[in-house]
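# Structural features, examined
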Amino acid sequence: MASGVFLLFLLLSSSGSAPPPPPPRVSFLLNSADRPLVHFTAPGIYNTTTLLLSTDASTLYVGAKNAILSLNVSQHDIISLKNKVEWSPSPREINDCENKGKDPTVDCPNFVRVLQPLNSTHLYACGSHAYSPQDAYIEVDGLSLVKQRSGVKVRCPFNPFQRNTALSISGELFTATMSDFRGVRPTISRHFSKDGRPDVSQDSSVSLLEEPVFVGSALDSSERKLYFFFSEVGKEFSYTNELRVARVAQVCKDDVGGLRTLQKKWTSFAKASLLCQPPRQLPYSVLQDVFTLPPPEGSTASDTLFYGIFSSQWSSGSDSAVCVFRLQDVRSVFSGGYRSFDSQTHSWSPLQGKHTYLGQCGLEEFADPDLAQVKKSFLTSSAVQPVGNVPVLVSMGQSYSRVAAMTTQAVSGKQYTVLFLLTESGFLHKVVLSDRGPRLIEEIQVFAQVQQVKSIVLSSSKGVLYVGTCSGVTAVPVAHCASYRTCSQCVLARDPLCGWSRTKKICSRPSSGTSNMSQDVESGNVGRECQGQTGAAPRPGQDFLLRQRQNRKHDPSFTLH
Ligand SMILES: *[C@@H]1O[C@H](CO)[C@@H](O)[C@H](O)[C@H]1NC(C)=O
Ligand SMILES: *[C@@H]1O[C@H](CO)[C@@H](O)[C@H](O)[C@H]1NC(C)=O
């Protein structure tokens, strides 16, 4: 078939059970007029990579280099600066940073790494601040900053290139970060604890985490638990020291620590492996990012899904896999069996006997021997298996670094999940998970230079994805149906977010209750869907292929087939 020459292939592992998705239909290079994006940049503003969207999705708060911004994102065609507050280290602090061997311009500015709501009037911020993390409260109305003396408590990394995660829940702040200058001491802790209870942190008398890289966190409100996602060295595998494994760790939100043993420490800390392995292949075990997809309305919290992007430790090229984990499965692994660490032999063994309290909340008054058992039994016996036991997508030749997901109702009434996957080279891949497997609908270039630090935030209600990079913020509408100009283009896109209105004769976003729309996400049957529509005649998607071919010439990151 001639079109095969022009098409690009998102190669899938041939042995995986998920069938390979057909190639992307459309590719848009940066600043393409056919897929308009809205950029925000401003003179003197850099490293706009910590993003927090207000609950009404009208303001985007941005943690940047030496500054915090609030952006007005209420209009669809422009992002404007509302307020900006400077937050820089003093010359003396920069000097101290330099004297400790750090580069004054690369390492010593204040890179804001945590931005979380604190209460109705204030945000909490933490910045690397010349390799000496500092906290601040930000008054949201005027965006004024009140610096705090954090003292010994470290809530974000010294090293601005290290990853961390933070989550505020009713004014209490939960953080997972490296907490020392060298960046080797990981700490998961609770700050600003309410109702007079103490702040709690992780037990440091044992090694609970091994060189972790934290990528995300989530709340399980009905179980009052928090989950932290990361990769670390898997010490349970004695045959190699450097085997990295993907993990989820849990703590109970309301832990207060034991009476004697584990004072002011988590009494519920436990961790489990996350498995992401195509059949007959090595596992993808380095977690790059996790997105939490809330359950559909009317179902329970246990149907919350975690979409994880994994890379392979063994692959020399750039490969990624996406695995989905159900909260219910995470819960049941933590309420199952545990392994115990023997500090004499430095090995893990399955824990015999009944220890049903392990991983449970409310152990503060448990006896010392029980808490001593908690201290050394923090690894679950089983790993969390992904939904369907295999990745939903395996991509050879693409390193995905960030993920967001949304569900949408197609014209047929069926619910589809749409993934947004950010490649290292700066393309956003929009993938629909259809009955016939994952399918790349379009790829949109959102930045041109490789970004060491970047972030994405999705507002599925607004239908906009925000990408924060070193040079600014870009708003990407989740769909731009108008770029499909005929019924056949619209239907062939097989995008659940786009349908052909037979009355208006335009391709547009189906709103609930729309009838008279042509769409076929599963098979893109133009013959059936576009009968009698003008402009439905051309051979499937031919003009797109041509456009794609023209664009392609400039993009070295893909292979032409
Ligand atoms: C929010 O927190 C800040 C900082 O602790 C405090 O000054 C302010 O009064 C609080 N506002 C409300 C409404 O509680
Ligand atoms: C900040 O942005 C510059 C480019 O302006 C980039 O080279 C650097 O890596 C960024 N640093 C961090 C910590 O994000």
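Quick caveat: nothing in here was measured; it's all calculated off a predicted structure. Sequence positions are assigned chain by chain, starting from 1 and proceeding in written order. Chain labels run from A onward and ligand labels from 1 onward, assigned in the order the entries are written. For a predicted model such as this one, the threshold for reporting local features is a pLDDT of at least 70, and the threshold for listing and counting side-chain atom pairs is 80 or more; totals across whole chains, interfaces and linings nevertheless cover every residue. Heavy atoms throughout the structure, all of them, feed into the side-chain values; hydrogens and water do not.

### A few points about the environment of Phe 269
Structurally, Phe 269 can be placed in the loop between β16 (244-252) and β17 (270-273). For the pair Phe 269 and Asp 255, spaced 14 residues apart in sequence, the C-alpha to C-alpha distance is 9.6 Å. By definition in these notes, contact holds between two residues if any of their heavy atoms fall within 4.5 Å. Sequence-distant contacts of Phe 269, that is, excluding residues within four places in its chain, are made with Ile 188, Leu 208, Leu 209, Ala 249, Gln 250, Val 251 and Phe 378. Numbered from the N terminus, helices here are DSSP runs of H or I no shorter than four residues, and strands are runs of E no shorter than two.

### Topic: the site of ligand 1
Any residue with at least one heavy atom within 4 Å of a molecule or strand is counted as near it. Within the structure, ligand 1 sits among Asn 119, Ser 120, Thr 121, His 122 and Tyr 137. At a separation of 2.3 Å, an oxygen atom of ligand 1 approaches a polar side-chain atom of Asn 119. With respect to ligand 1, the side chain of Thr 121 contributes an N or O atom lying 3.0 Å from a nitrogen atom. In isolation ligand 1 offers 360 Å² of accessible surface; the protein chains occlude 46% of this area. Polar contacts here mean pairs of N or O atoms no more than 3.5 Å apart (in protein, one a potential hydrogen donor and the other a potential acceptor; neighbouring residues in sequence count only if both atoms are side-chain atoms). In this description, accessible areas are obtained by the Shrake-Rupley approach with a 1.4 Å probe, and a residue is regarded as covered only by the protein chains that are shown.

### Looking at the packing of aromatic side chains
Stacked, edge-to-face and tilted labels apply to pairs of Phe, Tyr and Trp rings (six-membered ring for Trp) whose centres lie within 6.5 Å, assigned for plane angles under 30 degrees, over 60, and everything in between, in that order. Following the criterion strictly, the structure yields 14 aromatic pairs and no others. Here Phe 229 and Phe 306 contribute two aromatic rings whose centre-to-centre distance is 5.0 Å and whose plane-to-plane angle is 55°, an arrangement assigned as tilted. Of the two residues, Phe 229 sits in strand β15 (residues 225-233) while Phe 306 sits in strand β19 (residues 305-311), which places them 77 residues apart along the sequence. Between Phe 341 and Trp 348 the ring centres are 5.1 Å apart and the planes differ by 55°, which places this aromatic pair in the tilted class. Note on Phe 341: relative accessible area 23%, which makes it partly exposed. Burial classes: relative accessible area under 20% of the type maximum marks a residue as buried, over 50% as exposed, and values in between as partly exposed (1.4 Å probe, protein chains only). With a relative accessible area of 17%, Trp 348 lands in the buried category. Three or more aromatic residues link up through ring pairs in this structure, and these residues are Tyr 227, Phe 229, Phe 306 and Phe 334.

### Considerations on the sheet that holds strand β33 (residues 506-508)
The strands that make up a sheet are held in pairs by hydrogen bonds between backbone atoms, and each pair lies either parallel or antiparallel. Pairing between strands is defined by DSSP: at least two bridges between the two strands are required. Taking strand neighbours across the sheet as the criterion, the three strands line up as β33-β32-β34 in an open arrangement whose pairing is antiparallel. The sheet terminates laterally at β33 and β34 (517-518), the two strands that pair on one side only.

### Concerning the sheet that holds strand β8 (residues 122-127)
The antiparallel open sheet is built from four strands, whose spatial order is β7-β8-β9-β10. Where the open sheet ends on each side, the last strands, each with one partner, are β7 (112-117) and β10 (144-148). Neighbour to neighbour, the strand axes of the sheet diverge by 25° on average, direction disregarded. Judged from the five bridges that link them, β7 and β8 form a sheet pairing that is antiparallel. Note that in β8 the partner of Val 112 across the bridge is Gly 127. Under this scheme, a helix contributes an axis fitted over its contacting stretch, all axes are lines through C-alpha atoms, and angles between N-to-C directions fall in the 0 to 180 degree range.

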